[in-house]
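Listed below are the residues making up each chain.
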Amino acid sequence: MSSQAFQIFAFILFLLLSFFPHLNMSSRVLILKHNAIAHDMNSSFSLSFNNLRGCRLGDTAQGIHRLKKYLRRFGYITNVEKNSMAMDDDTFDHALESAVKTYQKNYNIDASGILDAKTITQMRTPRCGVQDFFNGTTWMRSSMDHKNRDGRFHTVSHYSFFGGKPKWPASKFHLSYAFLPGYPSEAIEPVDRAFSKWASETHFTFSKISNYKKSDIKISFEIEDHGDFASFDGMGGILAHAFPPTDGRLHFDAHEPWSVGALSGYFDVETVALHEIGHLLGLQHSSIEAAIMYPTIPEGDTKDLHGDDVAGLKALYGI
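In every chain, residue numbers begin from 1 and rise along the written sequence. Where totals are concerned, whole chains, interfaces and linings use all residues; where local detail is concerned, this predicted model gives features only for residues with pLDDT of at least 70, and gives and counts side-chain atom pairs only at 80 or more. Water and hydrogen atoms were dropped before computing side-chain values, which therefore reflect all heavy atoms in the structure.

Draft legend 1. Layout of the confidence of the model for the protein chain. pLDDT measures how confident the predictor is about each residue, on a scale from 0 to 100. For the protein chain, the average pLDDT comes to 83, and 76% of its residues sit at 70 or higher. The criterion used for residue contact is that any of the two residues' heavy atoms lie within 4.5 Å. The low-confidence segment residues 12-27, where pLDDT is below 50, has eight contacts with residues more than four positions distant or belonging to other chains.

Following this line, the structure appears as structure tokens:
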């Protein structure tokens with residue numbers, strides 16, 4: 001390429017990046033040292049389950065035991081069933097059918113108990129690592145799960161809380177947060193924005209401090225087994241998790257492809273942070289897909305706070 005042709009090419013590229021900033025991927029993609037590590041995807045909870053499509057009660061198919069492990073991970077199979085030898089076999093038994101039906105109800109899918117295409121697609125979608133169902137109780141609620149005294153269904157709120165409704169003390173409405181030393185600098189600002197959005201809609205205020213050990217909320221990127229008994233699963237599957245009040249830990253999975261803003265094939269730090277901060281404040285998952293507290297988020301998508309999220313937090317704190 002001649003010097004003149006190169007100059008013309010560079011000028012055109014400059015114009016493209018100026019008028020279409022989303023093409024400037026290098027400024028928006030987080031390059032984490034762990035992203036390039038290869039993983040055994042058989043350990044991921046986001047396995048496709050495609051070969052199980054159409055499976056139902058009584059069927060036997062290779063890979064059903066993985067489906068059981070997935071549903072156990074998110075609380076749909078109880079501790080009693082967890083200790084059974086049936087967890088390791090490939091039989092679609094009654095316990096699995098019950099778990100699939102509950103999962104489908106939570107995600108607004110026809111509760112047939114059959115592993116249909118919609119259910120598989122939902123299970124393949126990357127998600128938060130916090131359970132939907134814990135100790136036999138689901139925190140997610142559909143819009144038709146309560147009846148009036150006359151027997152008719154009525155709409156209820158979709159937000160939900162952790163068991164026992166843990167929350168920050170009334171005197172603790174200002175929370176400090178800090179990032180683990182070595183946290184990627186380009187991922188700080190989107191988390192700052194996420195805290196600001198929660199502050200603008202609630203009674204909470206937040207301040208960023210440098211002392212990680214003394215902060216109320218501690219934020220870090222982690223991988224696999226990182227000491228909190230809630231291991232990440234490599235690329236795909238679980239994106240992040242956070243603990244209810246007053247624990248204060250928020251962890252992103254460093255093996256995931258992260259970006260600042262919407263970018264195909266990547267997960268937006270701010271969107272995931274908004275969700276996990278909801279857990280830090282005491283919210284559990286919502287069955288409203290538009291809510292930030294909905295458990296899953298596809299690659300490339302961004303979300304903001306929803307009225308259901310704000311109403312949930314205000315209800316929890318009696319505001």
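Still to come is the rest of the account.
Draft legend 2. Geometry of the UniProt feature "binding site: Ca(2+) 3" (unreviewed entry) in the protein chain. UniProt marks Asp 233, Gly 234, Asp 253 and Glu 256 with the feature "binding site: Ca(2+) 3" (unreviewed entry), using the numbering shown here. What stands out for the annotated residues spanning 24 residues is how close their C-alpha atoms remain, the widest pair being 9.9 Å apart. Each helix is a run of H or I in the DSSP string that is no shorter than four residues. Each strand is a run of E no shorter than two, and both are numbered from the N terminus. Mapped onto the fold, Gly 234 is located in the loop between strand S7 (217-222) and strand S8 (238-242). Its location among the elements puts Glu 256 in the loop between strand S9 (249-253) and strand S10 (258-259). Buried means the residue's accessible area, taken with a 1.4 Å probe over protein chains only, is under 20% of the maximum for its type, while exposed means over 50%, and partly exposed covers the values in between. We classify Glu 256 as buried; its relative accessible area is 1%. UniProt positions are given in the numbering used here, feature names are shortened, and annotations may be inferred rather than shown by experiment.

Draft legend 3. Geometry of the packing of helix H2 (residues 64-73) against helix H4 (residues 94-106). An axis is simply a line fitted to the C-alpha atoms; with a helix, the fit covers only the stretch in contact. Between two such axes, the angle follows the N-to-C directions and lies from 0 to 180 degrees. Where H2 meets H4, the axes come as close as 11 Å, and the angle between the chain directions of the two elements is 55°. The angle between H2 and H4 falls in the class oblique. In terms of crossing hand, the pair formed by H2 and H4 is left-handed. Contacts from Ile 64, Leu 67, Lys 68, Tyr 70 and Leu 71 of H2 reach H4 at Leu 96, Ala 99, Val 100 and Tyr 103. Throughout, the ten residues Ala, Val, Leu, Ile, Met, Phe, Trp, Tyr, Cys and Pro are labelled nonpolar, Asp, Glu, Lys and Arg are labelled charged, and all others, Gly among them, are labelled polar. Partitioning the contact of H2 with H4 into residue classes produces eight nonpolar, no polar and one charged. Note that the term roughly parallel is reserved for angles under 35 degrees, roughly antiparallel for angles over 145, roughly perpendicular for angles of 65 to 115, and oblique for everything else. By the definition used in this description, the sense in which the near helix is turned from the far one sets the handedness, with an anticlockwise turn below a right angle giving left-handed and a clockwise turn giving right-handed.

Draft legend 4. Region of interest: helix H5 (residues 117-124). All of the buried residues along H5 are Thr 119, Ile 120, Gln 122 and Met 123. In a view along the axis of H5, the buried residues occupy a sector of 160°, so they form one face of it. With respect to the buried face of H5, the exposed residues turned more than 90 degrees away are Lys 118 and Thr 121. If you follow the buried residues of H5, they end up packed against H2 and H4. The arc in question is formed by the directions pointing from the helix axis toward the C-beta atoms.

Draft legend 5. Structural view of the environment of Leu 30. Looking at the secondary structure, you find Leu 30 in strand S1 (residues 29-30). Since its relative accessible area comes to 1%, Leu 30 is described here as buried. Considering only alpha carbons, one finds Leu 30 and Pro 184, 154 residues apart in sequence, at a separation of 7.9 Å.

Draft legend 6. Structural detail: the environment of Ala 95. Within the secondary structure, Ala 95 sits in helix H4. Residue classification places Ala 95 among the partly exposed residues on the basis of a relative accessible area of 24%. Each C-alpha atom of the pair Ala 95 and Ile 77 lies 7.3 Å from the other, and the pair is 18 residues apart in sequence.

Draft legend 7. Molecular detail of the packing of helix H6 (residues 188-201) against helix H7 (residues 269-281). Taken N-terminus to C-terminus, the directions of H6 and H7 make an angle of 50°; their axes are 8 Å apart at the nearest point. Our classification of the angle between H6 and H7 gives oblique. H6 and H7 meet at a crossing whose hand is right-handed. On H7, the residues touching Pro 190, Val 191, Arg 193, Ala 194, Phe 195, Lys 197 and Trp 198 of H6 are Val 269, Glu 270, Ala 273, Leu 274, Ile 277, Gly 278 and Leu 281. Its residues assigned to classes, the contact of H6 with H7 comprises ten nonpolar, one polar and three charged.

Draft legend 8. Highlighting H6. Helix length check: H6, at 14 residues, gives a terminal C-alpha distance of 21 Å against a target of 20 Å (1.5 Å per residue), a fit within 8%. Restricting attention to buried positions, one finds in H6 the residues Pro 190, Val 191, Asp 192, Ala 194, Phe 195 and Trp 198. Contacts from the buried residues of H6 go to strand S5 (174-179), strand S6 (205-208), S7, S9, H7 and helix H8 (307-316). One fewer than the residue count of a helix, multiplied by 1.5 Å, yields its expected span.

Draft legend 9. Region of interest: the sheet that holds S7. Spatially, S2-S8-S9-S7-S5-S6 is the arrangement adopted by the six strands of the open sheet, whose pairing is mixed. Sheet topology places strand S2 (127-128) and S6 at the edges, where each strand pairs with a single neighbour. In short, DSSP must find at least two bridges between two strands for them to pair. Here three bridges tie S5 to S7, and the two strands are oriented parallel to one another. Pairing of Phe 179 across the sheet is with Ile 219, part of S7. Along the sheet, H6 contacts S5, S6, S7 and S9; its crossing angle with S6, the most-contacted strand, is approximately 160°.

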